[in-house]
Amino acid sequence: DAMQSRVNALTTDFVNRDDPAQRAVVETDRQKALAELDRLKNSVVETQKAIADLEDEARRANAPPGWLR
């Protein structure tokens, strides 16, 4: 959420700038933030999959349900 807010703020800042040099700097920062946001989203998906895999493995090993909470 914080990274999405940063992207939104940079997008707004980019739109409100008139100076091309300043816009270029803001656009560079915005592109970096977008890349970081994509990386974070992929990381969340991978982590959620790893957790689900661990839960499945624990069920197959007959681990008590409370151990994974």
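Check the entry above for the structure.
Everything quoted here is computed from the prediction, not taken from an experiment.

Criteria and thresholds
Residues numbered from 1 in each chain as written. Predicted model: local features only at pLDDT ≥ 70, side-chain atom pairs only at ≥ 80, totals over all residues. Heavy atoms only, no water. Helix = DSSP H or I, 4+ residues; strand = E, 2+ residues; numbered from the N terminus. Rg over C-alpha atoms; globule rule 2.2 N^0.38 Å. Buried < 20%, exposed > 50% of the residue type's maximum accessible area, 1.4 Å probe, protein only. Lys, Arg positive; Asp, Glu negative; His and termini not counted. Charge placed at Lys NZ, Arg CZ, Asp CG, Glu CD. Phe/Tyr/Trp six-rings, centres within 6.5 Å; stacked < 30°, edge-to-face > 60°. Lys NZ or Arg CZ within 6 Å of the ring centre and 35° of its normal. Axes fitted to C-alpha atoms, helices over the stretch in contact; angles between N-to-C directions. Parallel < 35°, antiparallel > 145°, perpendicular 65-115°, else oblique. Left-handed = near helix turned anticlockwise from the far one by under 90°. Contact = heavy atoms within 4.5 Å. Nonpolar A, V, L, I, M, F, W, Y, C, P; charged D, E, K, R; others polar. Expected span 1.5 Å × (residues − 1).

Draft legend 1. Inspection of the overall build of the protein chain at higher detail. When its secondary structure is counted, the protein chain shows two helices and zero strands. The C-alpha atoms of the protein chain give a radius of gyration of 20 Å, which is well past the 11 Å a tight globule of 69 residues would have. For the protein chain, the spread of C-alpha atoms along the principal axes amounts to about 65 × 15 × 10 Å. In the protein chain, which comprises 69 residues, the proportion classed as buried is 10%. Of the side-chain charges in the protein chain, 11 are positive and 13 negative, and the distance between the mean point of each set is 2 Å.

Draft legend 2. Geometry of the packing of aromatic side chains. Within the structure shown, the criterion is met by zero aromatic pairs. Taking NZ or CZ as reference, Arg 23 lies 4.2 Å from the ring centre of Phe 14, over its face.

Draft legend 3. The packing of helix 1 (residues 2-16) against helix 2 (residues 20-60), seen in detail. Two elements in contact, helix 1 and helix 2, have axes whose closest approach is 9 Å; the angle formed by their N-to-C orientations is 160°. As summarised for this structure, helix 1 and helix 2 are arranged roughly antiparallel, according to the angle between their axes. Pair helix 1 / helix 2 crosses with left-handed handedness. Here helix 1 contributes Met 3, Gln 4, Arg 6, Val 7, Leu 10, Thr 11, Asp 13 and Phe 14 to the contact with helix 2, which in turn contributes Arg 23, Val 26, Glu 27, Asp 29, Arg 30, Ala 33, Leu 34, Glu 36, Leu 37, Leu 40 and Lys 41. Residue classes in the contact of helix 1 with helix 2 are distributed as nine nonpolar, two polar and eight charged.

Draft legend 4. Representation of unusual backbone geometry in the model. One non-glycine residue, Asn 62, adopts positive backbone phi at about 60°. By the element assignment, Asn 62 lies in the segment after helix 2.

Draft legend 5. Summary view of the side chain of Arg 30. Mapped onto the elements of the fold, Arg 30 is located in helix 2. Of the residues examined, Arg 30 reaches a relative accessible area of 18% and is grouped as buried. Excluding residues within four positions of it along the chain, Arg 30 makes contact with Leu 10 and Thr 11.

Draft legend 6. Helix 2, seen in detail. Under the 1.5 Å per step criterion, the end-to-end length of helix 2 is 60 Å for 41 residues, consistent within 8% with the ideal 60 Å. Taken as a whole, helix 2 has its buried residues at Val 26, Arg 30, Ala 33, Leu 37 and Ala 58. Just past helix 2, the residue Asn 62 takes up positive phi, approximately 60°.

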